Amino acid sequence: MSSMLNTKVYLSEKVFQDDIEKVPTRNGYGEGLVLAGEKNKNVVVLCADLTESTRSEAFKIKFPDRFIEVGVAEQNMASLAAGMALAGKIPFISSYATFSPGRNNEQIRTTIAINNVNVKIAGAHAGISVGPDGATHQALEDMALMRVMPRMSVIYPCDAVEAKKATIAASQIEGPLYLRFARAGTPQFTTEQTPFQFGVAEVFFIGSDVTIVACGPLVYEALLAAQQLEKEGISVEVINNHTIKPLDKNTILESVKKTRALVTVEEHQVAGGMGSAVCEMLSQNFLVPVEMVGIKDRFGESGEPEELWNAFGLSHPHIVEAVKKVLKRK
Amino acid sequence: MQKQYSLKKLELKANEIRQDIIKMLVKAGSGHSAGPLGMADVFTALYFSVLNHDPKNPLWEERDRLILSNGHICPVRYAVMAESGYFPIKELDTLRKFGSRLQGHPERERLPGIETTSGPLGSGLSQAAGIAYVGKYLDKTNWRVYCAMSDGEQEAGQTWEAAMFAGKNKLDNLTAIIDRNNIQIDGFTEDIMPLEPLRAKYEAFNWQVLEVDGHNIEQIIDACNEAKAIHQKPTVIIAHTIPGKGVDFMENKFEWHGKPPTAEEAKIALQELRTLGGKISSEHE
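Since we're looking at a predicted model, the values are computed, not measured. (Residues numbered from 1 in each chain as written. Chains lettered and ligands numbered in written order. Predicted model: local features only at pLDDT ≥ 70, side-chain atom pairs only at ≥ 80, totals over all residues.)

Asker: An account of the sheet that holds strand 6 (residues 208–213) of chain B is needed here, citing residue identities and associated values.
Answerer: Residues and elements named next belong to chain B. The five strands are arranged 1-2-3-7-6 in an open sheet whose pairing can be described as parallel. Looking at strand neighbours, the two that pair on one side only are strand 1 (65–68) and strand 6, the edges of this open sheet. The sheet shows a mean angle of 20 degrees between the axes of neighbouring strands, direction not considered. The sheet contact formed by strand 1 and strand 2 (residues 145–150) spans four bridges and is parallel. Residue Arg65 lies in a different strand from strand 2, and its bridge partner there is Val145. Each of strand 3 (174–180), strand 6 and strand 7 (235–240) is contacted by helix 9 (residues 217–228), which is oriented at about 165 degrees to strand 6, the strand it contacts most. (Pairing = 2+ DSSP bridges. Helix = DSSP H or I, 4+ residues; strand = E, 2+ residues; numbered from the N terminus. Axes fitted to C-alpha atoms, helices over the stretch in contact; angles between N-to-C directions. Contact = placed C-beta atoms within 7 Å.)

This is how it looks when you write it as structure tokens:
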């Protein structure tokens, strides 16, 4: 059976062209903040000395009175935001994911999650594609930290346009929420028309032999893999699983019951990440062989983003390999 | 609005609060004794004189917000809340029990009026500063924010991140109160990690610093009023207290930081508190 792009999700016409535009997902966060701020005057943005690189700058320019610079103090930032939420605001806290939700994890647990307040945590520079900055700045554990926390929702958009939609959606969802963004420019392959609904995964590529559940910019690599495998006669279904928590059990189960084989793809430790979340769900519902593409219990290092994706086994050739491997186990 | 109580009445009330604390702790079978007893006068002053609040409407928009940073002394807050009418005094018996609104460390959603979840030290001042920032700059409100802290949590870095933020932003609607009782779980603060000169530290962070005898209710109320008149700076009141105040065998002993009295010890403690007879020094006796 053949496989193909799902035309109902209106991906860019350039999706498989070499000149597809590359935009960092953090840019979508910056645009989304301004739009969320226009829609709701209670939206405020806090930043810990990373205003430009987290793309909080645009909000600062547009709404200077609602932008709060806290300096290099991520723990204070989390709890300040908790206080502001208690006083009726919708604070977005911006930093790098290694620092927030990394350094301030306990403050997020106590003063945001147990407190149950409406704070949005935006972790920029997630993944090894941060590049030259090296291991200290490449967050690879943040989704695990956030998804195990009760009450916390987790969204990881696949490109800048989806990041914009996710940011606006976050401002409208009540309760603690984590948004994950990347530093490097990655293909802008969804469009304004592509559906985005919190908690609803979307099938981007329709197939029947194997399901790939991916998140973040690697969704694009999964599409490249699906396209290549199609030429080799292997029919792959690709799901963009942007909401890691709450997980869209129905969409994933429906696909896996059809294909009976799964590959998970993420730029994060395989331990505790998106793939783990999917496996936890499947192990209690429907058992199939699984291969997991992700970071295998190691830290990153300096390099160019693509170079690192290749070195750490995350690019489309590695996904192709994982698909072939899982097919043998079917 | 608050009824006005005489200082004499407030001192008697603080003594009742201490008895409530002993009774709660012995029923709970675990919890902290020294801190709650030491802060009984401060919390009595706050709930029965300083704070603008309405026990029948705990989430009243115009209320002053009191953030308790060192959540482990919550028995004193639960006791003053019950005594001022937030919930029945009988409910104090449920402290730390399964299903209780009176959690071992306070949890915001369980008890209206408790304001925040707290316990892990060092994060209360940040939350208080966040609320105060909204009050001063975003919503321009009339209410004030109070933050009760321990001295031990002055060792936490986050406390100083918050102090720096409040100083920078001139949060003059924020009054912090430090329970300077010189003890923490492992011993005396000046042995564990010296805090002095504490006053100079806060002054260096652009705070106004006031110091009071934390068992002199008149001084506590006066300092809170003085703080309201200070502009362009947050205020910290260093309240010098005696941990375990009012119960002879607990006073100044760090061993009583984190344990409750036994039934036998509680009996002695309650008798001592009931027959006070000038034990707590008062100019108004």
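We are not done yet, so read on.
Asker: Outline the sheet that holds strand 15 (residues 290–295) of chain A, listing residues and values.
Answerer: Residue and element names in this part refer to chain A. If you walk across this open sheet you meet the six strands as 1-10-12-11-14-15, and the pairing is mixed. The outermost strands of the open sheet, each flanked by one partner alone, are strand 1 (4–5) and strand 15. Sheet analysis places strand 11 (residues 210–214) next to strand 12 (residues 236–240), joined by five bridges and oriented parallel. Across the sheet, the residue bridging to Val213 is Ile239, located in strand 12. The sheet contacts of helix 12 (residues 316–328) involve strand 11, strand 12, strand 14 (262–269) and strand 15, and relative to strand 15 the element is tilted by about 155 degrees.

Asker: Lay out the confidence of the model for chain B in plain terms, naming residues and giving numbers.
Answerer: Scored by pLDDT, chain B has a mean of 94; 95% of the residues are at 70 or more. At the level of chain-chain contacts, confidence expressed as ipTM amounts to 0.95, with global pTM at 0.95. (pLDDT = per-residue confidence, 0-100.)

Asker: Let's hear about the pairing of strand 6 of chain B: which residues, and what values?
Answerer: Residue and element names in this part refer to chain B. Relative to strand 7, strand 6 runs parallel, the two being bridged by six bridges. Bridge assignment links Val209 to a residue of strand 7, and that residue is Val236. Where the polypeptide runs from strand 6 across helix 9 and back to strand 7, its parallel neighbour, the crossover connection is right-handed. (Right-handed = clockwise from strand over helix to strand, strands pointing away.)

Asker: Any chance you could break down the pairing of strand 14 of chain A for me, citing the residues and the numbers?
Answerer: Residue and element names in this part refer to chain A. Most of strand 14 sits inside the fold, with eight of its eight residues counted as buried. Where strand 11 and strand 14 come together, four bridges link them in parallel fashion. Across the sheet, Ile212 pairs through a bridge with Val263, a residue of strand 14. For the segment spanning strand 14, helix 10 (residues 274–283) and strand 15, crossover handedness is right-handed. (Buried ≥ 20, exposed ≤ 12 C-beta atoms within 10 Å, placed from the backbone.)

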